[in-house]
Amino acid sequence: TRKIIIDTDPGQDDAAAIMLAVASPELEVLGLTTVAGNVPLQLTSRNARLILEIAHRPDIPVYAGADAPLARPLVTAENVHGKSGLDGVELFEPAAPLAQGHAIDFIIDTLRRQAPGTVTLCPLGPLTNIAMALRQAPDVADRIEEIVLMGGGFFEGGNITPAAEFNVFVDPEAAAEVFAAGVPLTMMPLDVTHKALTSGDRIARLRRSGGRPAAVMADMLEFFERYDEQKYGTEGGPLHDPTVIAYLLRPDLFSGRQCNVEIETKSDLTLGMTVIDWWHVTDRKRNAMVMRDIDADGFFDLLIERLARL
Ligand code: BDR
Ligand code: CA
């Protein structure tokens, strides 16, 4: 099994990623760390615990992390996810409390305690916690097996500005530090996630397939897809964050190439843009595996089959 830490800001699509991970025996989820992003930290921390309870895994610890980006005020996305971050289902106060301690210390301690090269970080929100852990303990960079993250976009453009994807835009300084850290990094940009659309048929299959967790997820996704359907006229909404977990389980569903990726932190116009040297027109260091395509049917088959097990 592969050991992972999921750093997250749930978010309905984060919730789907968490469920996919805990439903998959190939993965051992050591803990969730929460960050401010889609909604403020208190809500992402509540939501993370709530999802684990629905998925029958309240034993997995949830550590709260940064409540604001490194150098900027927080930008949230209630317009997409609703006021709670998980609109679309009935919410409740989870029984399990937050774990004691800060997310950053949990990330650092775990990387130091586990054998080098055996822990993968899966960031699904702004990269604040990861950047802070690397600042506080630069020695742990070498101990990370890989960072597989959802963020950025290039050919597809942005979803919060014309140039930037939400997770990178919210904390571009953090993203710049993480992409420069020299850690093996795989990136799921909008170019991939906008090809993984929740059609009515896919949600109906999810609902039919399993028990309560799958049905709750179907309700969440029905709320979540409305934003994109109304705004862009797509059939379904992009299921961003579960692509990270799906990649760990079935890398063959994705294709991309190793590229240089730099993060814009200065320009007002293109703040948070992930500038991807797809054509290798520079000799800058190839610091990330940038995915561009996904077998969407294979991805949804995997998601539905796994969530049905919960
Ligand atoms: C990303 O932003 C959030 O709204 C989603 O959860 C996803 O992580 C997509 O841009
Ligand atoms: Ca997210």
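Computed from a predicted model, the values in this text were never measured in an experiment.

**Structural notes on the site of ligand 1**
Taken together, 15 residues are adjacent to ligand 1, and G11, D13, A77, F166 and H240 come closest. Of all elements in the fold, only α1 (12–22) and α6 (166–170) reach the threshold of two or more residues within the shell around ligand 1. For the shell around ligand 1, the class distribution of residues is five nonpolar, six polar and four charged.

**Focus: the packing of α1 against helix α11 (residues 242–249)**
Relative to each other, α1 and α11 sit at 25°, their axes nearing to 7 Å. Here α11 runs roughly parallel to α1, going by the angle between their axes. Contacts between α1 and α11 involve D13, A16, A17, L20 and A21 from the first element and P242, V244, I245 and A246 from the second. Looking at the contact of α1 with α11 residue by residue, the class counts come to eight nonpolar, no polar and one charged.

**Focus: the nonpolar core**
Ranked by internal contacts, the top residues of the largest apolar core, which has 100 residues, are I6, M19, L20, A21, M217 and V244. Here this core gets eight residues from one element, more than from any other, and that element is α1. What V244 contacts, discounting residues up to four positions off in sequence, is A17, C122, L124, V148, L149, M150 and M188.

**Re the environment of L221**
Its place among the elements puts L221 in helix α10 (residues 212–232). Residues L221 and T198, spaced 23 residues apart in sequence, show a C-alpha to C-alpha distance of 7.4 Å. Here L221 is in contact with Q12, T198 and I203, once residues within four sequence places are set aside.

**Some details on the sheet that holds strand β5 (residues 144–150)**
Within a sheet, adjacent strands bond to each other through the backbone by hydrogen bonds, running parallel or antiparallel. Pairing in this open sheet of eight strands is mixed, and the strands run β3-β2-β1-β4-β5-β6-β10-β7 from one edge to the other. The strands lining the two open edges of the sheet, one partner per strand, are β3 (62–64) and β7 (254–259). Sheet twist, expressed as the mean angle between neighbouring strand axes with direction ignored, is 25°. The pairing of β5 with strand β6 (residues 185–188) spans four bridges and is parallel. Directly across from L149, in β6, lies its bridge partner M187.

**A word on the UniProt feature "domain: Inosine/uridine-preferring nucleoside hydrolase" (unreviewed entry) in the protein**
The positions that UniProt labels "domain: Inosine/uridine-preferring nucleoside hydrolase" (unreviewed entry) are, in the present scheme, residues 4–301. Helix makes up 37% of residues 4–301 and strand 17%, and the two end C-alpha atoms of the span are 22 Å apart.

**Topic: unusual backbone geometry**
Following P10, the chain continues to G11 via a peptide bond in cis, the omega torsion being 0°. Tracing the sequence through the fold places G11 in the loop between β1 (2–8) and α1. You will see that H56, though not glycine, has its phi angle at about 65°, which is positive. Looking at the element boundaries, H56 is found in the loop between α2 (41–54) and β3. For H56, a count of 13 C-beta atoms within 10 Å translates into the label partly exposed. If you check the backbone angles, H280 has positive phi at about 55° while not being a glycine. Assessed through the 12 C-beta atoms surrounding it within 10 Å, H280 is described here as exposed.

**Thoughts on helix α12 (residues 296–308)**
With 13 residues, α12 should cover 18 Å at 1.5 Å per step; its first-to-last C-alpha distance of 18 Å lies within 8% of that length. Turning to α12, its buried residues number three or more, namely F299, F300, L303, I304, R306 and L307.

**Focus: the environment of T270**
Mapped onto the secondary structure, T270 falls in the loop between β8 (261–263) and β9 (274–276). In this structure T270 comes out as partly exposed when scored by C-beta crowding, with 16 C-beta atoms within 10 Å. Between the alpha carbons of T270 and A164 there is a distance of 6.8 Å; along the sequence they are 106 residues apart. Setting aside its immediate chain neighbours within four residues, T270 contacts A163 and E264.

Parameters and conventions
Residues numbered from 1 in each chain as written. Chains lettered and ligands numbered in written order. Predicted model: local features only at pLDDT ≥ 70, side-chain atom pairs only at ≥ 80, totals over all residues. Near = placed C-beta within 6 Å. Helix = DSSP H or I, 4+ residues; strand = E, 2+ residues; numbered from the N terminus. Nonpolar A, V, L, I, M, F, W, Y, C, P; charged D, E, K, R; others polar. Axes fitted to C-alpha atoms, helices over the stretch in contact; angles between N-to-C directions. Parallel < 35°, antiparallel > 145°, perpendicular 65-115°, else oblique. Contact = placed C-beta atoms within 7 Å. Core = buried A, V, L, I, M, F, W, Y, C linked by C-beta atoms within 7 Å. Buried ≥ 20, exposed ≤ 12 C-beta atoms within 10 Å, placed from the backbone. Pairing = 2+ DSSP bridges. UniProt positions renumbered as here; feature names shortened; annotations may be inferred. Expected span 1.5 Å × (residues − 1).

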